[in-house]
Amino acid sequence: GEPSAVSVRITPLPDGVSVAEFQDISELHRVERVRRDFVANISHELKTPVGAMQILSEALKDAAEDPDAAARFADRIRSESKRMNHLVTDLLELSRLQGAEKLPDPEPVEVDRIVMEAFDQTRIAAEEKGIELRLTGIEDTEVLGNEAQLVTAVKNLVGNAISYSPENTTVEVETSVASPTGHLAGVKMVCIAVRDQGIGIPAEELDRIFERFYRVDAARSRQTGGTGLGLAIVKHVAVNHGGRVEVSSMPDAGSVFTLMLPARSLPSDATAPDSAEI
Ligand code: ADP
């Protein structure tokens, strides 16, 4: 672990006595280190596509005589710039979510709509791999929240399920209502479970994948266009909505990511039992 650290502030008083105040700053050090690592990660992630584009544009200039090669270089410049755009979009999203103390104007959002919108945004990637997107479970459930954020969260989970699955498999989103135990006991939760038949995640990695830029296999993640920020975004959306996200996975069999959000209490719930007796 982190060695403990203290800062000392000495305040001399007029009568010659000094007061020493001790403050544990190991937590401050930890936060500062996490921030520094994050900035170093961003710099590295941005430098990679920028470097590639520099080299590719030089190559493009030299390929004036070879239209096929020139077209290839231009394609790769386009895909590197798409990568960068994706990364900056995710960074902005994450920084917005981290800064938000509470949700902007929570409104009732239909869960089916969230899932269908997420499917629409991932359909091309699914079709390219012959992956079937399927929605099952309860209908007509609502949560109270921000539709755009919720769509982003489910889109990230479905997008990952597609990226980390072989061709011709199924990604299933199952919605249900549960009454969980633990610190959310007593709150009715809407569960949105995203299940894939993909590569799975080793047990020892499961608690790290929600960290910013953490990837089980960085090369594979980059190749599939991943930014390493998707699950960090999902986690923030869940927490901002008073919910949480859970994962269970089996290597070579598949993963289930479950987004749990407090159900919107229906008007009938709000009716006091004794008023119904009148
Ligand atoms: P990335 O952009 O790399 O996908 P994420 O934050 O979305 O970043 O995910 C972090 C890592 O978790 C991924 O790099 C991958 O190793 C792992 N992962 C996420 N979703 C899945 C999944 N459905 N199946 C297998 N591995 C996954």
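Criteria and thresholds
- Residues numbered from 1 in each chain as written.
- Predicted model: local features only at pLDDT ≥ 70, side-chain atom pairs only at ≥ 80, totals over all residues.
- Heavy atoms only, no water.
- UniProt positions renumbered as here; feature names shortened; annotations may be inferred.
- Helix = DSSP H or I, 4+ residues; strand = E, 2+ residues; numbered from the N terminus.
- Buried < 20%, exposed > 50% of the residue type's maximum accessible area, 1.4 Å probe, protein only.
- Near = heavy atom within 4 Å.
- Polar contact = N/O pair within 3.5 Å; in protein donor to acceptor, adjacent residues only side chain to side chain.
- Areas by Shrake-Rupley, 256 points an atom, 1.4 Å probe, with all protein chains shown as cover.
- 1 Å grid on protein atoms, 1.4 Å probe; cavity = no way out; pocket = protein on both sides within 12 Å on 5 of 7 lines; lining within 4 Å.
- Sits in = over half its atoms within 2 Å of the grid points.
- Nonpolar A, V, L, I, M, F, W, Y, C, P; charged D, E, K, R; others polar.
- Points joined across faces, edges and corners; volume = space filled by probe spheres on them.

- In the nomenclature of an unreviewed UniProt entry, the protein chain is known as Sensor-like histidine kinase SenX3 of Glycomyces artemisiae.
- The UniProt entry for the protein chain carries the following text under Subcellular location (unreviewed entry): "Cell membrane".
- Turning to the protein chain, the UniProt record has this under Catalytic activity (unreviewed entry): "ATP + protein L-histidine = ADP + protein N-phospho-L-histidine."

## Looking at unusual backbone geometry
- Of note in this structure, Phe 213 is not a glycine but carries a positive phi near 70 degrees.
- Note that Phe 213 resides in the loop between β7 (189–195) and α5 (218–223).
- Relative accessible area serves as the criterion here: at 8%, Phe 213 is assigned to the buried category.
- Positive phi, normally seen in glycine, also occurs at Asp 252, with a value near 70 degrees.

## Things to note about the site of the ligand
- Taken together, 20 residues lie around the ligand, and Asn 160, Tyr 164, Ser 221, Thr 227 and Gly 228 are the ones closest in.
- Separating an oxygen atom of the ligand from a backbone N or O atom of Gly 228 is a distance of 2.8 Å.
- For the ligand, whose unbound accessible area comes to 540 Å², protein coverage reaches 97%.
- Taken atom by atom, the bulk of the ligand overlaps the largest pocket.
- Taken together, the elements giving at least two residues each to the shell around the ligand come down to α4 (147–163), α6 (230–240) and β9 (254–262).
- The class makeup of the residues in the shell around the ligand is 10 nonpolar, eight polar and two charged.

## Side note on empty space enclosed by the protein
- Under the defined criterion, the tally for this structure stands at one cavity of 30 Å³ or more.
- Taken as a whole, the largest cavity holds about 50 Å³ of empty space.
- Taken together, Arg 83, Met 84, His 86, Leu 87, Arg 215, Gly 225, Gly 226 and Thr 227 make up the full set of residues lining the largest cavity.
- Across the lining of the largest cavity, the residue classes tally to two nonpolar, four polar and two charged.

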